[in-house]
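Residue-level structure breakdown
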Amino acid sequence: MSKRDYYEVLGVDRNASDDELKKSYRRLAMKHHPDRNEGSAEAEEKFKEAKEAYSVLSDGQKRGAYDQFGHAGVDRSAGGGADANGFGDIFGDIFGDIFGGAGGGRRRNRGSDLKYNLELSLEEAVQGVEKKIRIPKMSDCAVCSGSGSRPGSDSKTCGTCNGQGQVRMQQGFFSVQQACPNCKGQGKVISDPCSSCHGQGMVRDEKTLSVKIPSGVDEGDQVRLSGEGESGGPGTTPGDLYVQVRIRKHPIFERDGDDLHCEVPISFSAMALGGDIAVPTLSGRANLKIPAESQSEKVFRLRGKGVRNVRNGNQGDLYCKIVVEVPVNLTKQQKELLKEFEKSISEGGNRHSPRSGSWTDKIKSFFDDLVT
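Described in the following lines is the structure provided in the data block. All residue numbers here refer to positions counted from 1 along the written sequence of the relevant chain. Reporting in this predicted model follows two pLDDT cut-offs: at least 70 for local features of residues, and 80 or more for side-chain atom pairs to be given and counted; totals over whole chains, interfaces and linings ignore these cut-offs and use all residues. The side-chain values count all of the structure's non-hydrogen atoms but skip hydrogen atoms and water molecules.

1. Concerning the sheet that holds strand β9 (residues 241-247)
What counts here: Note on pairing: two strands pair once DSSP finds at least 2 bridges between them. Helix and strand definitions follow DSSP, with helices as H or I runs of at least four residues and strands as E runs of at least two, each counted in order from the N terminus. Axis angles are defined between N-to-C directions and span 0 to 180 degrees, where every axis is a line fitted to C-alpha atoms and, for a helix, only to the segment in contact.
Ordered in space as β1-β9-β8, the three strands form an open sheet in which the pairing is mixed. Where the open sheet ends on each side, the last strands, each with one partner, are β1 (114-120) and β8 (222-225). The average angle at which neighbouring strand axes cross in this sheet is 25 degrees, direction not considered. By the bridge criterion, seven bridges tie β1 to β9 in an arrangement that is parallel. Considered in β9, the bridge of Leu 120 is made with Ile 247.

2. Describing the sheet that holds strand β11 (residues 259-266)
With respect to topology, four strands assemble into an open sheet ordered β10-β11-β15-β14, the strand pairing being mixed. Bordering the open sheet on either side are β10 (254-256) and β14 (299-302), each of which pairs with just one other strand. Averaged over all pairs of adjacent strands, the angle between their axes in this sheet comes to 30 degrees, without regard to strand direction. Bridging between β11 and strand β15 (residues 318-324) involves seven bridges; their strand directions are parallel. Paired with Glu 263 across the strands is Lys 321, a residue of β15.

3. Observations regarding the pattern of salt bridges
Any two side chains of opposite charge can pair, so long as their charged atoms come close to each other. Note the threshold: By definition, a salt bridge exists where a carboxyl oxygen of Asp or Glu is found within 4 Å of a side-chain nitrogen of Lys or Arg.
Summed over the entire model, instances satisfying the criterion amount to 18 salt bridges. Across the pair Arg 14 and Asp 5 runs a salt bridge, and its minimum N-O distance is 3.2 Å. Salt bridges sharing partners connect three or more residues here, namely Arg 4, Glu 8 and Glu 49.

4. Quick look at helix α2 (residues 18-32)
What counts, and what does not: Take the residue count of a helix, subtract one, and multiply by 1.5 Å to get its expected span. Classification of residues uses two cut-offs on accessible area relative to the type maximum, computed with a 1.4 Å probe and protein chains only: under 20% is buried, over 50% is exposed, and between them is partly exposed. This arc corresponds to the set of directions leading from the helix axis out to the C-beta atoms.
Taking 1.5 Å as the rise per residue, α2 with 15 residues should run 21 Å; its terminal C-alpha atoms sit 21 Å apart, in good agreement. Listing the buried residues of α2 in full gives Leu 21, Ser 24, Tyr 25, Leu 28, Ala 29 and His 32. Along α2, the residues classed as buried sweep out an arc of 135 degrees about the axis, all on the same side. For α2, the exposed residues lying more than 90 degrees away from the buried face are Asp 19, Lys 23, Arg 26 and Lys 31.

5. What about the nonpolar core?
Threshold: Definition of nonpolar core: a set of buried residues of the types Ala, Val, Leu, Ile, Met, Phe, Trp, Tyr and Cys, connected through side-chain atoms within 4.5 Å. In this description, contact between two residues means that some pair of their heavy atoms is separated by no more than 4.5 Å.
In this structure, Ile 133, Leu 241, Val 243, Val 279, Leu 288 and Cys 320 are the most contacted members of the largest nonpolar core, which totals 36 residues. Those residues in contact with Val 279, other than ones at most four positions away along the chain, are Val 264, Gly 284, Arg 285, Ala 286, Leu 288, Leu 302 and Cys 320. Residues Leu 10, Ala 16, Phe 47 and Tyr 66 belong to the second largest nonpolar core, which totals 19 residues.

6. Comments concerning the environment of His 32
If you trace the backbone, His 32 turns up in helix α2. In sequence terms His 32 and Glu 42 are ten residues apart; their C-alpha atoms lie 8.6 Å from each other. In this view, His 32 contacts Asn 37, Ala 43, Glu 44, Lys 46 and Phe 47; residues no more than four positions away in its chain are not counted.

7. Observations concerning the packing of α2 against helix α3 (residues 41-57)
For the record, the criterion: Note that the term roughly parallel is reserved for angles under 35 degrees, roughly antiparallel for angles over 145, roughly perpendicular for angles of 65 to 115, and oblique for everything else. For a crossing to be left-handed, the near helix must be turned anticlockwise from the far one by less than a right angle; the clockwise case is right-handed. Residues are sorted three ways: Asp, Glu, Lys and Arg are charged, Ala, Val, Leu, Ile, Met, Phe, Trp, Tyr, Cys and Pro are nonpolar, and all the rest, Gly among them, are polar.
Close contact between α2 and α3 brings their axes to 9 Å; oriented N to C, the two are set at 160 degrees. With respect to their mutual orientation, α2 and α3 come out roughly antiparallel. Between α2 and α3 lies a crossing whose hand is left-handed. Note on element contacts: α3 touches α2 through Ala 43, Glu 44, Lys 46, Phe 47, Ala 50, Lys 51, Tyr 54 and Leu 57, opposite Leu 21, Lys 22, Tyr 25, Leu 28, Ala 29 and His 32. Residue composition of the contact of α2 with α3, by class: nine nonpolar, one polar and four charged.

8. Some words on the side chain of Thr 281
Applied cut-off: Under this definition, polar contacts are N or O atom pairs within 3.5 Å; protein pairs additionally need one hydrogen-donor-capable and one acceptor-capable atom, and for neighbouring residues in sequence, both atoms have to be side-chain atoms.
Positionally, Thr 281 belongs in strand β12 (residues 275-281). Within the structure, Thr 281 has its side chain in polar contact with the backbone oxygen of Gly 284 (distance 2.5 Å). In this structure, Thr 281 is in contact with Phe 253, Ala 286, Lys 305 and Leu 318, ignoring residues within four places of it in sequence.

9. Overview of the packing of aromatic side chains
Rule in force here: Any two rings among Phe, Tyr and Trp, with Trp reduced to its six-membered ring, count as a pair given centres within 6.5 Å; such a pair is stacked if its planes are under 30 degrees apart, edge-to-face if over 60, and tilted if neither.
For the coordinates displayed, the defined rule picks out two aromatic pairs. Between Tyr 25 and Tyr 54 the ring centres are 4.5 Å apart and the planes differ by 5 degrees, which places this aromatic pair in the stacked class. Of this pair, Tyr 25 sits in helix α2 while Tyr 54 is found in helix α3, placing the two residues 29 residues apart along the sequence. Of the two residues, Tyr 25 and Tyr 54, neither departs from the other in class, the shared state being buried.

10. Examining a nonpolar patch on the surface
Selection criterion: Note on patches: the residues involved have over 30% relative accessible area and no salt bridge, like charges join within 9 Å, and the nonpolar side chains Val, Leu, Ile, Met, Phe, Trp and Tyr join within 5 Å. Where accessible areas are quoted, they stem from the Shrake-Rupley method and a 1.4 Å probe; at the residue level, only the protein chains shown are allowed to cover.
A contiguous nonpolar surface patch, about 460 Å² in accessible area, is contributed by Phe 268, Val 324, Val 326, Leu 338 and Phe 341. Checked against the element boundaries, Phe 268 lands in helix α8 (residues 268-273). Classification of Phe 268 as partly exposed rests on a relative accessible area of 48%.

Nothing here speaks to function; it is all geometry.
Here you go:
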């Protein structure tokens, strides 16, 4: 069934203004909206038809193409999902088979690209690794060498296109060449199909590949293996395989670009007295000097202990945040010792706990202000 004229659908003249188009569309949309016509297939179809017509005629560029070429000029953009820049693609698709554009023969001369998600540990991503992966893909049939014909038999010239691989088709006002639907652009048809691939020239296969992952790769980085994608059939080159990196969550470190972050639990006494503690890095242990009377959540920076950038070679840093670990499961004696210690601290006033003293002063001032 051919499409109705868009102006007829909206019930307007061909010289209708934008306001007239909008007014007519709103009227039709309200009348045929599915929510107002529950279960009515006819109303739903008229609603879609009005929406399609308005999406074309409300766009000046598309409307011009429709006025000049009819539906043939806007078929790919009439649904309302294409943007204004898609107008050029209309003609790219129509003329692709003539001029070898994106919609024509070039795309058929190459197999599809494949994508493989490779999960790595943080250590593997930072240091680099070589991995074996198994890829399921379509490959040229080994029995017929990708021809699709039984060994010893020959294919025949296609009777539809007379071996040209293309046929002339009428699209609206245009007469264009397209790939022959009978031989899929090959110019030949298989009379005696290969028993292994059943005339397809390709079989589902699995291939084991070795992938070298460079040091410093991050989440989402890709490694391209040229020619390891799917075969496109006889006379084509294979596509490429893109191995995309996924990094597992690490029990200690979090990565932020080239930097690493970790939390280091430390006892209250060690924070108060200071000293050296051992912290982990991806290259081994490192000593971290904690100054006496350090506060919880203070961050220390270890230069050059992060990740080496895969592109420029710059070395990131490791940031260690120290957090006080409150002791648990205390014995009676330990509790008594803590009470005695707390009492001695309180007697010293703000000298031992300046932040607590400042906080107390602020609270007192706050309530005094409320009273006044």
